[in-house]
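Structural description and commentary
Chain residues, written in single-letter form:
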Amino acid sequence: MSAPAVTRRPGGTDDAVGGVVPREVVRPGTVEEVADVLRAAAADGRTVVPVGGRSKLTWAAPPESCDLLLDVTGLDRIVEHVAGDLTVVAEAGVRLGDLQAQLGEAGQLLGLDPPEDGATLGGLVSANASGPRRLRYGTTRDLLIGITVVLADGTLARAGGKVVKNVAGYDLGKLYTGAHGTLGVVVSTTWRLHPVPPARRVVTLDLPDVAAAGPLSIALARSTLTPSAVELSGTAGGPGRLVVLFESIAESVTDQARSAVALLGGGEESDDLPEDFGRRPGGADDVLLRLAHAPAALAAVLAALPAGTPVSAHAATGVAYAAVPAAEAAGALPRLRAAIAEHDGTAVVLRAPDAVRDALDHWGPVGDSLELMRRVKERFDPERRMSPGRFVGGL
Amino acid sequence: MTAVAEPAVSDRTAALAEALRTAIGTERVLTDRTQVRTYECDGLANFKVTPAIVVLAESRQHVVDTVRLCSEAGVPFVARGSGTGLSGGALPSADGVLLVMSRLRSLGPVDADNRQVTVEPGVINLWVTRDAAPFDLAYAPDPSSQLVCSIGGNVAENAGGAHCLKYGFTVNHVLGAEVVLPDGEVVHLGGRAPEHPGYDLLGAFIGSEGTLGVATELTLRLIRVPEAVQTMLVGYHSVEDAAGTVSDIIAAGILPAAVEMMDALAIEAAEAAVSCGYPEGAVAVLVIELDGPQVEVEAQFRQVEEIARRRNAFETRIAADDAERGLMWKGRKSAFAAVGRISPSYFVQDGVIPRTKLPEVLAEMKRMADEKGLRVANVFHAGDGNLHPLVLFDDAVEGQAHEAEELAGDILELCVTSGGSITGEHGVGSEKRMKMAKQFTPADLDTMQLVRCAFDPDGIANPGKVFPTPRLCGERPGVRKGEHPVQAAGLGEVF
Amino acid sequence: MTEITPGSHGQGDAPPPGSPGASPNVGPVRDSVADLPSGAPTGAQRAADEAPAAVVGARRPLDIGQDIDLPAGTGAATVGTPTLLGLPGTRQAVQPAFDEHHPPDPALIGDCVHCGFCLPTCPTYVLWGEEMDSPRGRIYLMKEALEGEPLDDSMVRHFDQCLGCMACVTACPSGVQYDKLIEATRPQIERRYERSRAEKLYRDLIYNLFPYPRRLRALRGPLRAYQASRLGSLLTRSGLIRRLPAPLQAMESLAPKLGPVESVPERTPAVGQRRAVVGLLAGCVQGTFFPDVNAATVRVLAAEGCDVIAPRRQGCCGALPGHGGREEQALDFAKRTIETFERAGVDYVVVNAAGCGSNIKEYGHQLRDEPEWAERAEALARRSRDISEFIVEIGPVAERHPLPMTVAYQDACHLAHAQGIREEPRKLLRGIPGIELKPLVEAELCCGSAGTYNMLQPEPARELGERKAAAVLATGADLMVTANPGCWMQVATTLARMGERMPVAHTVQVLDASIRGVPVEQLLDRALNGPGTALTRPTPAQR
């Protein structure tokens, strides 16, 4: 546990958010201190960008300005884990890995598995990060049952609660999920948990053409099998590998894996996941895109990517990732967006190398609700001081 | 608390009625007093307000025209689906428009590969599963009123149901919505894809109880019908044993599709209504349902049986077929209205507690009821701690209605102090808005109302619901000054 | 708490001269044409003529009276001010709505908790999706009326549009007795509300024709009946005939193919050992249009060991006028029926028409005010059984011969909802070797026949008929079986209008065929072409 005291230091290049170097880095130790910091920032009109584990600092568009980098990793308390209720309250700076370790002792888990190392709860809420098991557990919007935030003016506000079933008031947790710090700072989160499944079985199938995953994932989704994940990796227009993960009691996973092999027309069974399971495609020199689309359109979406693009997909969910070489990204992006639009497909830039970052339209078209989003932003942050410019439409 | 307001046929609404007739057709605009009075309450019949105008919309355009005309005239509107809500969420505004969505009921076609279907809001919940069934798909949220409640109403209330323990609520099953904002603009939130760039306004909209706009089309996620479903009915001689069984099941790492509990009074009512054949002499019954792959269900079912035995279950019955399963559920699903058979009147309450607090909360509730000499029947989603105490009373006994209302309120506060919520699925509506302050601070409520102000700055969409104090949209967060036009117009009050 | 909205007809408004509907007194039903109001509109009515018209319900059939006088697109609701849209003298608002003679019971109304579970089973709610045309809404209207709202045109229309199918009674988890409520409301309307002249004539025609087997038998079809009758000539002379095409077409189109009247012997001895002496209610419509059914009933009962008494001089049991709110007429019929079967000395009265069965079972309630009748009525009600209920009760003994076919059994509302008899007919059918039952979708939804409903409200009846016919066809069954003449006519004529043909039979005819060993082909042929089957002819909708 960290000492509850605000630490401050000048910002450096290591602290840069999308290339923007903050003037100052502040690390409060308590929720109240976060409120104090924001009240002070409001008083002198400073812009604020909240950060957690910095695993996704390069995600989203760069901020227009960053006077203050608000580091919430000091809020690192797991406040309350009630195993009998399958709920946990944890502060925003708690790292997902630490939380899972503690929950695991009680045979429970939080059903989020984004691959970024060191991610904090606040960060993964704000970036709406997800991983392969979203097929089974859903994403932040399905698991977050309560939230505490500090608004731009320092107001401390809470929504939801500690019970899974609760419809009292608006669900602000949804609004803060994926908002990239533009509506305020997430300081505490409450989650619904799941029991750790006792057994695992994995079916791995190599595909000569990655697009074959499309019909296979439809077949899996329409079957009575209940995989935790159907994870695809490979290159567009080239070969791929489909990993189907079953997690349940031993009898069930054995039985299901066998059925899956029959359904897929092949595949290797094993107890272990491949080491790179769920990893985002490409490397630091690529522009990493997150593609979302109607789930059955996976093959069409893969076909719309430039041949040779490294890809991965949480198949059967409608989410895929593509690593486009930096030099080609600016040109490829509009074409890709147009091509997948008919499948309600969108492509957002998660991560881009410094050299091309400013030339990209990170979010792409938002649709007819952008004006409404702008009105929401104006209500929560009328002075545009919270992560300005990081979000859609320059919000 | 009963309010009967006469319809003030003010000049404003008379002119609006005329404009509405011109815009959407005379036959869709009701102002005849005897007709509009049939709309003065929803499923919560002790709250009544007669609307000035009832609009029977048949298309998105009718909704757009109605909302726009209301906006221009500064007249509030309340959208209503099947009128089965239990918190007065569709209580009309006197001098306002009640926008009836029941006729917008086109459904489908089912997109089996994407496991989706797009429906109009007047479509009845159960119809979705009926249409999806040939594809081995189903719509998961199944509120007890599913054979009559509308999808639009489900979205407004973020309806749950017995199976949300495993499958989640309406918000987890709605992918996209076409929404008419309170100024008549049409926006599309979400869609057929699981994610969209921008704020999750769909997530905020679902469960906003009609205060942010009116949905005219919804894209729903369908789930694959599981390979196996097994349902068992377990009888107990004590509520504690039943509650203990639930805890033990969860502790064993089993996530049932549903765990429902009924106490002796509720069992008596259900028997009287639908002859569901629950175990005789039971003080509590559990309806436990497991679903999933056959081998998994079978193994876990054996485990659950063993747990129930250890917790002194005196009778365990396993549904042999769909008909028996249907009967087990019928008793549970008809329980609310069935209580009408054992008591002249009753309040249906809806509160949530952390599951682990079940035994102590039930004991305390019993003590509170005894103190007032009232009976409380309990029907609840035990798996997720969602209680539905039914406070029985007799109108004919002087003062009993008041006592019962007080007890119902006290039970909610008990839920909040136990770490729970004032509503798990019925919504806040008109009934519980004053209770919101027990669960949330003024800052919490003001922050929620920032959303309201973004969607509906004039406060004309279902005013007087959810919040004890309407947000004054001209203000900055945290500060309140002066009288807002909403107050001045009598659309809201400050408490 | 009564507030009269500006311009509405309150108690203080003078009713049109000679209007019996405005009288608060309980009196005999006046049905003489001499009582009809003069044609001159009142001042208020003229003013209302100029008021903007508000119409209730899209896709809603216009009332018969309105159908006559209105240009297309107008209807009949009011906007604060009354609007005269019917025949002269029809616009009214009776206040108080109900008189003291058995108004709907507030305690029964209080049973409704407004949960809405009745909505999806209500045929008119299914069609129109509006509260006033749902059971919950109609109960609310009754409550309003008890609270002081006037019985006005729109309220009457919503009550009239109820089919009385009682599906809501089955669906209601709170046990609301909607049947009692609507049956208490209809006579109030008939006593207190003045219908338009044309509608009144039309109703008189129906209620002076259908409950009288001899009048029915004397005619080859309702159209001829009305042309030949005094009413018919009156309609012709007054020029009203031109204005009545749709409903009369409806009436005419429903009449099935008539066969020779197969007379049923007054006494038929049991085959083998006698197990009971039963009386047969011959019914009016059943006996006239479906004489085969009575003959089959007698044979089946005899085969199952019953002496069957079919009293010669029996008439309508009162169901038709009763469901139409014609209380006096209904009670007269009830008393005659009670006397007839008391004299017959039978253990049971067996009924093969669902509507009649449910009515007879209500005799005790209907005659509760008349001390000399109440007990006798109750006694007869207790001894009454539907044919399927009766055979299941005594236990079938006659040998069944195979009838290899698929059967779509259609629940008659007055059997399933009003009498709660669903399983018995199915059990008997399944008891015949070779029969496979095919379930219907929307089985609980009324076919639109509903006694006289398809004559009084032809448009919704037609829509419901098509829904039911489609559901029956979708089963792909060889034979549709039902237990009510109204359902039979409704579905058969709808199928004919849709250009489809399907054999239709009564449950008891199938039992009879099985017991007698009639080949399945012969049964199906007679069910397709024999008496009671539909004639094919154009309908108003097709013209």
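Residues numbered from 1 in each chain as written. Chains lettered and ligands numbered in written order. Predicted model: local features only at pLDDT ≥ 70, side-chain atom pairs only at ≥ 80, totals over all residues.

Notes on the overall build of chain A
Looking only at helices and strands, one finds 12 helices and 19 strands in chain A. Over its C-alpha atoms chain A spans a radius of gyration of 21 Å, differing by no more than 12% from the 21 Å that the globule rule assigns to 395 residues. In terms of overall dimensions, chain A has a C-alpha envelope of 65 × 50 × 35 Å along the principal axes. By residue count, 60% of the 395 residues in chain A fall in the buried class. Considering only contacts in chain A between residues 6 or more positions apart, those separated by 24 or more positions represent 70%. (Helix = DSSP H or I, 4+ residues; strand = E, 2+ residues; numbered from the N terminus. Rg over C-alpha atoms; globule rule 2.2 N^0.38 Å. Buried ≥ 20, exposed ≤ 12 C-beta atoms within 10 Å, placed from the backbone. Contact = placed C-beta atoms within 7 Å.)

Brief notes about the interface of chain A and chain B
Between chain A and chain B, the residue contacts involve 72 residues of the former and 75 residues of the latter. Counting residues per element, the side of chain A that touches chain B draws most heavily on helix α12 (residues 370-380) of chain A, at seven residues. Taken together, the residues of the side of chain A that touches chain B break down into 33 nonpolar, 23 polar and 16 charged. (Nonpolar A, V, L, I, M, F, W, Y, C, P; charged D, E, K, R; others polar.)

What about helix α11 (residues 322-333) of chain B?
Residue and element names in this part refer to chain B. Between its first and last C-alpha, α11 extends 15 Å over 12 residues, near the 16 Å set by a 1.5 Å rise per residue. Considered for burial, the residues of α11 that qualify are M328, W329, G331, R332 and K333. In this structure, the buried side of α11 is in contact with β11 (228-236), β12 (258-263), α9 (264-274), β13 (284-292) and α12 (335-338). (Expected span 1.5 Å × (residues − 1).)

A closer look at the environment of L216(A)
Residue and element names in this part refer to chain A. Mapped onto the fold, L216 is located in helix α7 (residues 213-222). With 99 residues separating them in the primary sequence, L216 and A315 have C-alpha atoms 9.1 Å apart. Once residues lying within four places of it in the same chain are set aside, the contact partners of L216 are L242 and L264.

Topic: the sheet that holds strand β3 (residues 48-51) of chain A
Residue and element names in this part refer to chain A. Read from one edge of the open sheet, four strands run β1-β2-β4-β3, paired in mixed fashion. Every interior strand has two partners, whereas the edge strands, β1 (7-10) and β3, have only one. Averaged over all pairs of adjacent strands, the angle between their axes in this sheet comes to 20°, without regard to strand direction. Note that β1 and strand β2 (residues 24-27) share four bridges and pair antiparallel. Each residue of the ladder has a partner; that of R8, found in β2, is V26. (Pairing = 2+ DSSP bridges. Axes fitted to C-alpha atoms, helices over the stretch in contact; angles between N-to-C directions.)

Focus: the domain arrangement of chain A
Frequently, the measure chosen for interface size is the accessible area that the parts lose on association. Residues and elements named next belong to chain A. Once the domains are mapped, chain A shows domain 1 (7-72), domain 2 (78-195), domain 3 (199-270) and domain 4 (286-357). Computed from C-alpha atoms alone, the centre-to-centre distance between domain 2 and domain 3 is 29 Å. Each partner contributes residues to the interface: domain 2 has four residues there, and domain 3 has five residues. (Domains from an automatic or database assignment.)

Here's the deal with the confidence of the model for chain B
Residue and element names in this part refer to chain B. A residue-level look at chain B finds 93% of positions with pLDDT of 70 or above and a mean pLDDT of 90. A low-confidence stretch, residues 1-8 stays under pLDDT 50, and its non-local contacts, those more than four residues away or across chains, total 20 contacts. Under a pLDDT of 50 for its full length, residues 476-495 has, in the predicted model, 37 contacts with residues more than four places off or in other chains. In the predicted assembly, ipTM is 0.96 and pTM is 0.88. (pLDDT = per-residue confidence, 0-100.)

Observations concerning the sheet that holds strand β4 (residues 97-100) of chain B
Within a beta sheet, neighbouring strands are joined by backbone hydrogen bonds and run either parallel or antiparallel to one another. All names here are of chain B. Reading across the sheet, the four strands line up as β1-β2-β4-β3 and stay open at both edges, with mixed pairing between neighbours. Every other strand in the sheet has two partners, leaving β1 (29-30) and β3 (77-80) as the edge strands with one partner each. Sitting on the sheet, helix α1 (residues 11-24) is in contact with β1 and β2 (53-56), with an inclination near 15° to β2. The strands touched by helix α3 (residues 60-73) within the sheet are β2, β3 and β4, with β4 carrying the most contacts at an inclination of about 165°.

A few points about the packing of helix α25 (residues 458-475) of chain C against helix α26 (residues 485-497) of chain C
All names here are of chain C. Viewed as axis vectors pointing N to C, α25 and α26 meet at an angle of 80°, and their least axial separation amounts to 9 Å. Between α25 and α26, the angle falls in the class roughly perpendicular. When α25 is examined against α26, the residues G465, E466, K468, A469 and V472 are found in contact with a partner set consisting of Q490, V491, T494 and L495. For the contact of α25 with α26, the class distribution of residues is four nonpolar, three polar and two charged. (Parallel < 35°, antiparallel > 145°, perpendicular 65-115°, else oblique.)

Brief notes about the environment of R343(C)
Residues and elements named next belong to chain C. The residue R343 is located in helix α17 (residues 327-344) in this model. On the neighbour-count criterion, R343 (12 C-beta atoms within 10 Å) is exposed. Placed 32 residues apart in sequence, R343 and P311 show a C-alpha to C-alpha distance of 9.0 Å.

Structural notes on the packing of α12(A) against helix α16 (residues 442-455) of chain B
Two quantities define a packed helix pair, namely the angle between the helix axes and the distance between the axes. Contact pair α12(A) / α16(B): the axes reach a minimum separation of 8 Å and the direction vectors enclose 140°. By the criterion of interaxial angle, the relationship of α12(A) to α16(B) is oblique. In this structure, α12(A) crosses over α16(B), and the sense of that crossing is right-handed. Between α12(A) and α16(B), the residues in contact are L372(A), R375(A), V376(A), R379(A) and F380(A) and L450(B), V451(B), C453(B), A454(B) and F455(B), respectively. (Left-handed = near helix turned anticlockwise from the far one by under 90°.)

Here's the deal with unusual backbone geometry
Of note, the amide linkage connecting G108(B) to P109(B) takes the cis form, showing an omega dihedral of 5°. Residue position: P109(B) is located in the loop between β4 and β5 (116-119). The backbone of D344(A) sits at a positive phi, close to 55°, despite the residue not being glycine. Locating D344(A) in the fold gives a position in the loop between α10 (326-340) and β19 (346-351). Look at D344(A) and you get buried, because 23 C-beta atoms sit within 10 Å. A positive phi angle, close to 65°, is found at N312(B), a residue other than glycine. Assignment of secondary structure puts N312(B) in the loop between α10 (294-310) and β14 (315-318). When the 14 C-beta atoms within 10 Å are taken as the criterion, N312(B) is described as partly exposed.

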